[in-house]
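Architecture at a glance
The primary structure of each chain is shown beneath.
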Amino acid sequence: MKQHKLITILIILGLLPTSILAHEVSQSDQAILNQGGLFSYIYVGAKHMLTGYDHLLFIAGVVFFLKGFKDIVKFITVFTIGHCITLTGASYLGITANEHLVDAVIALSVLYKGFENLDGFKKIKIKAPNLLLMVFAFGLIHGFGLATRLQSFDIGSEQFLAKILSFNLGVEVGQIIALIPIVFVITQWQKAKSYEAFYKAANTYLVIMGVLLFIYQLYGYFI
Amino acid sequence: MNKFFLALVCVFLFSNHDMYLKMETYFLEANQMSSIQLFNGTFEKSENTIDRSRMLDASLLGNNNRYKIKEGQWSEKDSITFLSFNSGESATWVVGVSTKPRNIEMNAKSFNDYLEHDGVKDILAQRKKNNTLNNDAVEKYSKHVKAIFQVGENKTDDWSKSLGYPIEFIPLENPYLKYTGDTIQIKLLRNGKPLVNQLVYADFKSSKHGHTHNETNVDKHTDKTHNHTKNQKEEHSKTQGKVTHTHDGSTHTHEVEKKKDTSEKHSHTSAQELRTDKNGVVSVNLTNDGIWYLRTIHLENSTKKGLTHESNWATLTFEVKHSHNNNTSHTHTHEEGISSTVFWLSSIVLILILFIWFNRKSDKSEAA
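Not measured: the values here are computed from a predicted model.

Bringing the overall build of chain A into the picture now. If you tally the helices and strands in chain A, you get 10 helices and 0 strands. In chain A, buried positions account for 53% of the 223 residues. A separation threshold of at least 6 residues defines the contact pool for chain A, and within that pool the share at least 24 residues apart is 84%. Carbon and sulfur atoms form 71% of the exposed surface of chain A, whose accessible area is close to 10300 Å².

If you want it as structure tokens, here you go:
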């Protein structure tokens, strides 16, 4: 019975983003940015974080590994510092790269996290790299992906830094909003007997999605 | 004083001030907030914004209704003027802007350079023939620009309606029933009547994932090689900053213009140089996926007091995609991205399957 309840929670939380997810709305985002002030950048930043499933999958992977609130704060802070550096720096300096290639690396980060959570390194008898360092490094990559996204908009040159920082703030707001249900589902499920099966299922899913998203992005790049 | 100021402006400013209504994509969802950019410069770079007081008309036309664009819908960012609007109901929409006439005074050299670089060949040839190349010019000019975009799936005939501008491109077929590799016929009207034997340039900016239909391009490049080469030559000459007139008061310096133009000189497109037939119609070969733009400058001698010439500039933009009904068998799912709903639903199904599998495995090992 408890297991059914948990599955229901998962389905409901999983379905929630479907109503707001729309990666193909850059036109409307551009219109929002054109008409709104700095708040519109906060909104679009938050929206991008909430609709960018690669970011969400990685965050979910990080949270899976962590035990306790202190751990969550530590790792998420490191991830946040990482993506703030590249998001702000690359956007300000106008550094960009092919979106498919950046997203392909982000897909690898999802694959990496799922693999590590499943004790993949232990199984192949390799010492896992320092997780805090890896989360920071992936934070830098995710931030670069966000910077590439921001630079695809026409944001003009007035209040340039303020707009970048507002977008960054929006990303953090979106991250917090995304973290609440992710942490809730994982911590709730941790108490259940079926958690181990859920843990394995979710992290195997991360590995599969990491591979699929990687192939998908490379296909987009080459074709 | 005015002449001195004009000369100063001419020395430092760059020319080529075509006006375009541009969109990131011309395929919109219904009732979606969208934006259109009003470029004044080249198709690649806008040199300056357009004040609302200069606009005689700014309209959206769709589902047989014409809407006047409100002042508050316009905004500016750097040198680009933006129009924000709700895409409304599904239809083939037309957006147009028509500007008030202005006069510009040019010395003979500036005027000749402008004719050459903007491709106004007929008047240039006439000046050569009449031995009037040394004559200065006072030109009255105005610009009339349109874009046609598709909202949703409903193809309406709004594309065929005239906005009543002094000069105007009107397709004879719905551009959104045309695909890469097709030919589209477009009529050019001057004061509502077909404009015969008028030079029209058609070019495109490739889509991110666009491609060329080779079988069409073989023909095209064979007889358009000259045009392509010429176009490139023009682009390069612009970077050298030799053109010394303006058709709108940009305040950028010469150096800035040079830098901007360097970034745009290799557009990797080959403009088609066309002439309207006896019915005022040009046939444009839509060789590539992308945003297509037509431009023309109708310049004529003027006998009005204080003027030597009068010009009316027109542009039209629309987007072309390839058909999935013909022999282009490849898929392009990457253009639209993964549907979010499909992504999350399949994710949940996958997690559930994995969960049930791991749970059963765990139960079995416990039972054992």
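That covers the picture; the talk isn't over yet.
Next up on the list: the overall build of chain B. In terms of regular secondary structure, chain B is built from 7 helices and 18 strands. For chain B, the proportion of its 368 residues judged to be buried stands at 55%. Surface summary for chain B: the accessible area is close to 17000 Å², and the carbon and sulfur share equals 52%.

A few words now on the packing of aromatic side chains. Applying the stated rule across the entire model yields 26 aromatic pairs over all chains. A centroid spacing of 5.7 Å and a plane angle of 65 degrees characterise the contact between Phe111(B) and Tyr114(B), whose relative ring orientation is edge-to-face. Residue Phe111(B) and its partner Tyr114(B) are both found in helix α2 (residues 108-117); the two are separated by 3 residues, about one turn of the helix. Taken together, the ring pairs in this structure connect Phe58(A), Phe79(A), Tyr112(A), Phe115(A), Phe121(A) and Phe138(A) into an aromatic cluster. Directly above the aromatic system of Phe39(B) lies the positively charged group of Lys22(B), at a separation of 4.1 Å from the ring centroid. Geometry around Trp313(B) places Lys143(B) over its ring, the cationic atom sitting 5.0 Å from the centre.

Turning to the pattern of salt bridges, a few remarks are in order. All names here are of chain B. This structure, assessed with the given rule, holds 15 salt bridges over all chains. Residue aspartate 57 is joined to arginine 66 by a salt bridge in which the shortest nitrogen-to-oxygen separation is 3.0 Å. Note on aspartate 57: relative accessible area 16%, which makes it buried. Look at arginine 66 and you get partly exposed, because its relative accessible area is 40%. Taking the shortest distance from any N to any O, the salt bridge between lysine 161 and aspartate 158 comes out at 3.6 Å. Via salt bridges that share partners, Asp157, Asp158 and Lys161 belong to a single interconnected network.

Here the focus is the environment of Ser98(B). Residue and element names in this part refer to chain B. Within the secondary structure, serine 98 sits in strand β8 (residues 91-99). Measuring from C-alpha to C-alpha, the distance between serine 98 and alanine 58 comes to 6.5 Å, with 40 residues separating the pair along the chain. Setting aside residues no more than four positions away along its own chain, serine 98 makes contact with Arg54, Met55, Leu56, Asp57, Lys143, His144, Tyr165 and Pro166.

Residue and element names in this part refer to chain A. Viewed as axis vectors pointing N to C, helix α5 (residues 69-93) and helix α9 (residues 160-190) meet at an angle of 155 degrees, and their least axial separation amounts to 10 Å. The orientation of α5 with respect to α9, classified from their angle, is roughly antiparallel. Relative to α9, α5 is oriented so that their crossing is right-handed. In this structure, α5 contributes Ile72, Ile76, Phe79, Thr80, His83, Cys84, Leu87, Thr88, Ser91 and Tyr92 to the contact, and α9 contributes Phe160, Leu161, Ile164, Leu165, Phe167, Asn168, Val171, Glu172, Gln175, Leu179 and Val183.

Okay, the side chain of Ser34(B) next. Position of Ser34(B) among the secondary structure elements: in strand β3 (residues 33-41). Separated by 3.2 Å, the side chain of Ser34(B) and the backbone oxygen of Gln32(B) make a polar contact.

Residues and elements named next belong to chain B. Tracing the chain through its elements places leucine 307 in the loop between β17 (290-301) and β18 (309-320). Of the residues examined, leucine 307 reaches a relative accessible area of 12% and is grouped as buried. In the structure, leucine 307 is positioned 203 residues away from isoleucine 104 in sequence and 9.3 Å away in space, judged by C-alpha atoms. Here leucine 307 is in contact with Asn103, Val138, Glu139, Lys140 and Ser302, once residues within four sequence places are set aside.

Turning our attention to the sheet that holds strand β7 (residues 80-86) of chain B. Residue and element names in this part refer to chain B. Strand order in this open sheet of 4 strands is β1-β3-β7-β6, and the pairing throughout is antiparallel. Looking at strand neighbours, the two that pair on one side only are β1 (18-22) and β6 (74-77), the edges of this open sheet. If you compare each strand with its neighbour and ignore which way they point, the axes differ by 25 degrees on average.

As a further point, take unusual backbone geometry. Residues and elements named next belong to chain B. In the Ramachandran plot, asparagine 191 falls in the positive-phi region, its phi being about 50 degrees despite a non-glycine side chain. Judged by relative accessible area, asparagine 191 falls into the exposed class, the value being 55%. With a phi angle near 55 degrees, asparagine 197 is a residue other than glycine that sits in the positive phi range. Among the structural elements, asparagine 197 can be located in the loop between β13 (193-194) and β14 (199-206).

Take the side chain of Glu139(B) next. Residue and element names in this part refer to chain B. One can find glutamate 139 in strand β10 (residues 137-151). There is no salt bridge for the buried glutamate 139, and the closest opposite charge comes from lysine 143, which lies 9.0 Å off by N-O distance. Side-chain polar atoms of glutamate 139 contact the side chain of serine 311, separated by 2.5 Å.

Rules used throughout
- Residues numbered from 1 in each chain as written.
- Chains lettered and ligands numbered in written order.
- Predicted model: local features only at pLDDT ≥ 70, side-chain atom pairs only at ≥ 80, totals over all residues.
- Heavy atoms only, no water.
- Helix = DSSP H or I, 4+ residues; strand = E, 2+ residues; numbered from the N terminus.
- Buried < 20%, exposed > 50% of the residue type's maximum accessible area, 1.4 Å probe, protein only.
- Contact = heavy atoms within 4.5 Å.
- Areas by Shrake-Rupley, 256 points an atom, 1.4 Å probe, with all protein chains shown as cover.
- Phe/Tyr/Trp six-rings, centres within 6.5 Å; stacked < 30°, edge-to-face > 60°.
- Lys NZ or Arg CZ within 6 Å of the ring centre and 35° of its normal.
- Salt bridge = Lys/Arg side-chain N within 4 Å of Asp/Glu carboxyl O.
- Axes fitted to C-alpha atoms, helices over the stretch in contact; angles between N-to-C directions.
- Parallel < 35°, antiparallel > 145°, perpendicular 65-115°, else oblique.
- Left-handed = near helix turned anticlockwise from the far one by under 90°.
- Polar contact = N/O pair within 3.5 Å; in protein donor to acceptor, adjacent residues only side chain to side chain.
- Pairing = 2+ DSSP bridges.
- Lys, Arg positive; Asp, Glu negative; His and termini not counted.

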